[in-house]
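The lines below spell out each chain.
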Amino acid sequence: MALSNPGLLAASLITLMTVAGCTSSRLSSMDSQPAPLPPAPAGTVTSGQLPPPAAPGTASASQFPAAPQTQVAALPTDGGAAAANAPDLTAASVAGVWSASVSGQSCKVATPQTKFGQGFRAGPLRCPAPVDGVRSWNVSGKQLTLYDDAGSPLARLYASGEGRFDGQTSNGLPISLNR
């Protein structure tokens, strides 16, 4: 008997292909279970009291070595003649992006008026040390002070002209900001 009906021919081919696919060796690997994993290492769990914390400043107080104790030169508070002739500052007059020069190396310092730390947030952009650690800034009278994470002054500057500040860092390096 010849298959003259195209629908019957298609149904027969589909049936043959399905049966052939079921006998494929590709699917036989899915029937087997994967090998079991090795057991996790077992140990003994104990409980007890931890030793009391060591006193601050002792060698066992921290797993980290103590910071070096170096003497940092004091920043000038009067600013000398530059401070006497400098105008009083406002936060609005300092806010913006400044080109900074620290010991001849240039970078940018952003000084937005976003409250943070000792006054307002600061963002050094590719600055050399110690200016790379500036996190906040504030003005007081004629003085602009840049602070680190701990709120310690990193630099003190005074306006020395239109759009320019000059001063020094806490370790005595000359610093200037200009627009």
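Here, the structure is the one placed above.
Residues numbered from 1 in each chain as written. Predicted model: local features only at pLDDT ≥ 70, side-chain atom pairs only at ≥ 80, totals over all residues. Heavy atoms only, no water.

**Some details on the overall build of the protein**
Then step 1. For the protein, the count of helices and strands is three helices and 10 strands.
Then step 2. The helix and strand sequence of the protein, counted from the amino end, reads α-α-α-β-β-β-β-β-β-β-β-β-β.
Then step 3. Split into buried and exposed, the 179 residues of the protein put 26% on the buried side.
Then step 4. Summing over all exposed atoms, the protein offers an accessible surface of approximately 12,600 Å²; the carbon and sulfur share of this is 59%. (Helix = DSSP H or I, 4+ residues; strand = E, 2+ residues; numbered from the N terminus. Buried < 20%, exposed > 50% of the residue type's maximum accessible area, 1.4 Å probe, protein only. Areas by Shrake-Rupley, 256 points an atom, 1.4 Å probe, with all protein chains shown as cover.)

**Some points on the sheet that holds strand 3 (residues 115-116)**
Then step 1. With antiparallel pairing, the 10 strands of this open sheet are ordered in space as 3-4-6-7-8-9-10-1-2-5. Strands at the two margins of the open sheet, each flanked by one partner only, are strand 3 and strand 5 (123-125).
Then step 2. Two elements, strand 3 and strand 4 (residues 119-121), share two bridges in a ladder whose sense is antiparallel. Counterpart to Phe-116 in the pairing with strand 4 is Gly-119. (Pairing = 2+ DSSP bridges.)

**Focus on the state of the cysteines**
Then step 1. Scanning the model with the defined rule gives one disulfide in all.
Then step 2. There is a disulfide in this structure between Cys-107 and Cys-127, and the S-S distance comes to 2.1 Å. Every disulfide takes its handedness from the sign of the S-S torsion; for Cys-107 and Cys-127 that torsion is 90 degrees, giving right-handed. Of the two residues, Cys-107 sits in strand 2 (residues 105-111) while Cys-127 sits in the loop between strand 5 and strand 6 (136-140), which places them 20 residues apart along the sequence.
Then step 3. The exposure class assigned to Cys-107 is buried, which follows from its relative accessible area of 8%. (Disulfide = S-S within 2.5 Å.)

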